[in-house]
Amino acid sequence: MHQEVWNNCLRVFKDNLESGTYKAFFEPIKPISVKQNILTIEVPSLFFYEFIEEHYIDLLKTTIRKELGPDAKLEYSVPVGASSVSKKNTVLPSSNGKQNLTNKPVQMPAEMSSIRNPFVIPGLKKLQIDPQLNPEYSFTNFVEGECNRLARSAGLAIAQNLGGTSFNPLFLYGESGLGKTHLAQAIGIMVKEQQPENTVLYVNANKFKTQFTDAIRKNETNNFLHFYQCIDLLIIDDVQEFIGKDATQRMFFEIFNHLHQRGKQLVLTSDKAPVELQGLIDKRLLSRFKWGLSTEIQAPGYATRLAILKQRAYRDGIELPQNVLEYVAKNIVNNVRELEGVLIGLLAQATLNKKSITLELAQETIEKLIKHTKQELTVDYILQVVGDYFHIGEDNILSNTRKREIVQARQVAMYFSKQLTKNSLKSIGMQIGKKDHATVLHAYRTVNNLMDTDKHFKQQIEELEAKLTLS
């Protein structure tokens, strides 16, 4: 009977889940028995059980109650040797919101044979693994500017004294395309060059999650854990991808603790500051992200953008006129990735059409890019639009003058920068007169309050918003 009940359930799961999910997490489950409306199923491991409970308990509850009635209960059996826990009883919440508890022990199958660790080769003191680093992402190719100076200095200190600084973890955050991945990998590259005996690994959070899911499916979570605990420098990119992945967070928490307690280095990157990662259910993990140094990589200023273009052109063996470099640096302000993309586009245009790289070609290339790509608003652009509207020069807005009309224009620029961009308050303040985050917050509140009391000012704000959002 238990096989028939489970087969009926599987048909429902198959209809409601993606094929890969169904095959990975439901096909391996084995029904053991049905007794007094209690369905017992065997899962390969405790982590497997936790993953299903976190993501699919509602589907299980609805389906099993349909088969066995409203008082149905579910018990999991975890084979001895598959985890440190020999049995795991779980329950389905009842329709009145209370849990139906059962203390009935589950008969366990014979102990499973041990699984050979697929990661660690016996007899080797150190793991010989590919660190997954891009050789182009070196410190030599990383252009320093005010936007990244603290982050670069910390990264260099870590690379030169692995495990010997207080920057552990080093948490790099900022918008996409600003060089977080480049800097994180540069640390790994220098460590491998100067201390090749150390084990270094770069991995994206999504790949880490996929590896962990695969380890659960293959009943190799212990091997997965032991592998990551052997790393001397672990670089995890885009840790915001752990949000909503509760089992993955718990596994990474174990790895983080183990490495940190043994003086191993962690470098983490994110598009959000640690305080903004509120979707992390494990607060212990969030607190650990704040242990070392958290530093923002900001959008590069004009001088840094120009230096990046010159270095990239030199590396690629391209000779570009100074006016072309200046035009590109002035008009492409979002991130480093776009700057390099325009440079590649110019080279392609010149090569395919047998044209010289001129200012006119640069203007044409950038115009096409802007026309076909929805551009994200930047603080630089907002400053330009606000300055033009109030007939105040950008230099005056960025100055320390306390003239009423200039202070108000500065506050309006801060207001729209907070309202219409993804920049942090700290980043906005640094870009608008090198103010602190409290000044930006005060400006935002001042503009909001003034809009409530001054109709003419409110109309100006609405006109400016139309110019900015329709551009």
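All figures in this text were calculated on a predicted structure; none of them were measured in a lab.

Visitor: Mind showing me how you'd approach the overall build of the chain here?
Guide: Tallying secondary structure elements over the chain gives 19 helices and eight strands in all. For the chain, the accessible area works out to roughly 24100 Å², and carbon and sulfur atoms hold 49% of it.

Visitor: Can you help me understand the packing of aromatic side chains in this one?
Guide: Each pair of aromatic rings is reported with the distance of its centres and the angle of its planes. In this structure the tally under the stated criterion is 16 aromatic pairs. With 5.5 Å between their ring centres and 65° between their planes, Phe26 and Tyr56 make a pair best called edge-to-face. Taken as a pair, Phe26 in the loop between α2 (19–25) and β1 (30–35) and Tyr56 in helix α3 (residues 46–68) lie far apart in primary sequence, 30 residues in all. With a relative accessible area of 16%, Tyr56 lands in the buried category. A ring pair is formed by Phe227 and Tyr228, whose centres lie 5.2 Å apart and whose planes are at 85°; its orientation type is edge-to-face. According to the relative accessible area criterion, Phe227 is buried, its value standing at 10%. Classification of Tyr228 as buried rests on a relative accessible area of 1%. Of the aromatic side chains, those joined through ring pairs into one cluster are Phe208, Phe212, Phe224, Phe227, Tyr228, Phe242, Phe252 and Phe256. Stacked on the ring of Tyr444, the Lys or Arg Lys418 has its end atom at 4.2 Å from the ring centre.

Visitor: I would appreciate a short explanation of the sheet that holds strand β8 (residues 293–296) in the present structure.
Guide: The strands making up a sheet associate through hydrogen bonds between their backbones, and the pairing can be parallel or antiparallel. The five strands are arranged β5-β6-β7-β4-β8 in an open sheet whose pairing can be described as parallel. Looking at which strands have only one partner, the edges of the open sheet turn out to be β5 (200–204) and β8. Ignoring which end each strand starts from, the neighbouring axes of this sheet average 15° apart. Two elements, strand β6 (residues 233–237) and strand β7 (residues 265–270), share four bridges in a ladder whose sense is parallel. When the sheet's bridge partners are listed, Leu233 is paired in β7 with Gln265. In the packing of helix α5 (residues 180–194) onto the sheet, the strands contacted are β4 (170–173), β5, β6 and β7, and the crossing angle to β6 comes to about 165°. Running over the sheet, helix α8 (residues 246–261) touches β6 and β7 and is turned about 140° from β7.

Visitor: Sorry if this is basic, but what is going on with the pairing of β5 here?
Guide: Along a regular strand, successive side chains alternate from one face of the sheet to the other. Here β5 lies mainly inside the structure; four of its five residues are buried. By the bridge criterion, five bridges tie β5 to β6 in an arrangement that is parallel. Across the sheet, the residue bridging to Val203 is Ile236, located in β6.

Visitor: Any chance you could explain the sheet that holds strand β3 (residues 73–77) here in plain terms?
Guide: Read across the open sheet, the three strands follow the order β1-β2-β3; overall the sheet is mixed. Every other strand in the sheet has two partners, leaving β1 and β3 as the edge strands with one partner each. This sheet shows a mean twist of 20° between the axes of neighbouring strands, independent of strand direction. Of the pairings in the sheet, the one linking β1 to strand β2 (residues 38–42) comprises five bridges and is antiparallel in character. What sits directly across from Lys30, in β2, is Glu42. Across the face of the sheet, helix α1 (residues 2–16) comes into contact with β1 and β2 while running at roughly 120° to β1.

Visitor: Can you help me understand the nonpolar core in this one?
Guide: Inside soluble globular proteins, nonpolar side chains tend to come together where they are buried. In this structure, Phe13, Phe26, Phe208, Leu234, Ile236 and Phe252 are the most contacted members of the largest nonpolar core, which totals 58 residues. Sort the elements by how many residues they give to this core and α3 lands first, with 10 residues. When near neighbours in sequence (up to four residues on either side) are disregarded, Phe208 contacts Val203, Phe224, Tyr228, Ile236, Phe242, Thr248, Met251, Phe252 and Ile255. Listed in part, the 28 residues of the second largest apolar core include Ile392, Ile406, Val412 and Phe416.

Visitor: How should the side chain of Asn198 be read in this particular structure?
Guide: Take Asn198: it is sitting in the loop between α5 and β5. Leave out the neighbours within four places in its chain, and Asn198 touches Leu162, Val191, Lys192 and Asp232.

Visitor: What exactly am I supposed to notice about the environment of Ile397 here?
Guide: You can see Ile397 is positioned in helix α15 (residues 394–398). Aside from chain neighbours lying at most four places away, what touches Ile397 is Leu383, Gly387, Ile392, Ile406, Ala409 and Arg410.

Visitor: How should I be thinking about the pattern of salt bridges in this particular structure?
Guide: Note on pairing: side chains with opposite charge can pair once their charged atoms come close. Following the criterion strictly, the structure yields nine salt bridges and no others. In this structure, Asp58 engages Lys61 in a salt bridge whose closest nitrogen and oxygen atoms are separated by 3.9 Å. Of this pair, Asp58 and Lys61 both sit in helix α3, three residues apart, which is roughly one turn of that helix. Two residues, Asp232 and Lys264, come together in a salt bridge whose shortest N-O distance is 2.9 Å. One end of the pair, Asp232, is in the loop between α7 (221–228) and β6; the other, Lys264, is in the loop between α8 and β7, with 32 residues separating them in the sequence. The structure contains a network of salt bridges with shared partners spanning Glu144, Arg149 and Arg152.

Visitor: What is the right way to read unusual backbone geometry from this model?
Guide: When glycine is set aside, most residues are seen to have a negative phi, and most peptide bonds are trans. Backbone torsion omega between Asn168 and Pro169 reads 5°, so that peptide bond is classified as cis. Within the secondary structure layout, Pro169 lies in the loop between α4 (149–160) and β4. Not every positive phi belongs to a glycine, and Gln36 is a case in point at roughly 50°. Within the fold, Gln36 resides in the loop between β1 and β2. Given a relative accessible area of 77%, Gln36 falls into the exposed group. A positive phi angle, near 60°, is found at Asn219, a position not held by glycine.

About the thresholds
- Residues numbered from 1 in each chain as written.
- Predicted model: local features only at pLDDT ≥ 70, side-chain atom pairs only at ≥ 80, totals over all residues.
- Heavy atoms only, no water.
- Helix = DSSP H or I, 4+ residues; strand = E, 2+ residues; numbered from the N terminus.
- Areas by Shrake-Rupley, 256 points an atom, 1.4 Å probe, with all protein chains shown as cover.
- Phe/Tyr/Trp six-rings, centres within 6.5 Å; stacked < 30°, edge-to-face > 60°.
- Buried < 20%, exposed > 50% of the residue type's maximum accessible area, 1.4 Å probe, protein only.
- Lys NZ or Arg CZ within 6 Å of the ring centre and 35° of its normal.
- Pairing = 2+ DSSP bridges.
- Axes fitted to C-alpha atoms, helices over the stretch in contact; angles between N-to-C directions.
- Contact = heavy atoms within 4.5 Å.
- Core = buried A, V, L, I, M, F, W, Y, C linked by side-chain atoms within 4.5 Å.
- Salt bridge = Lys/Arg side-chain N within 4 Å of Asp/Glu carboxyl O.

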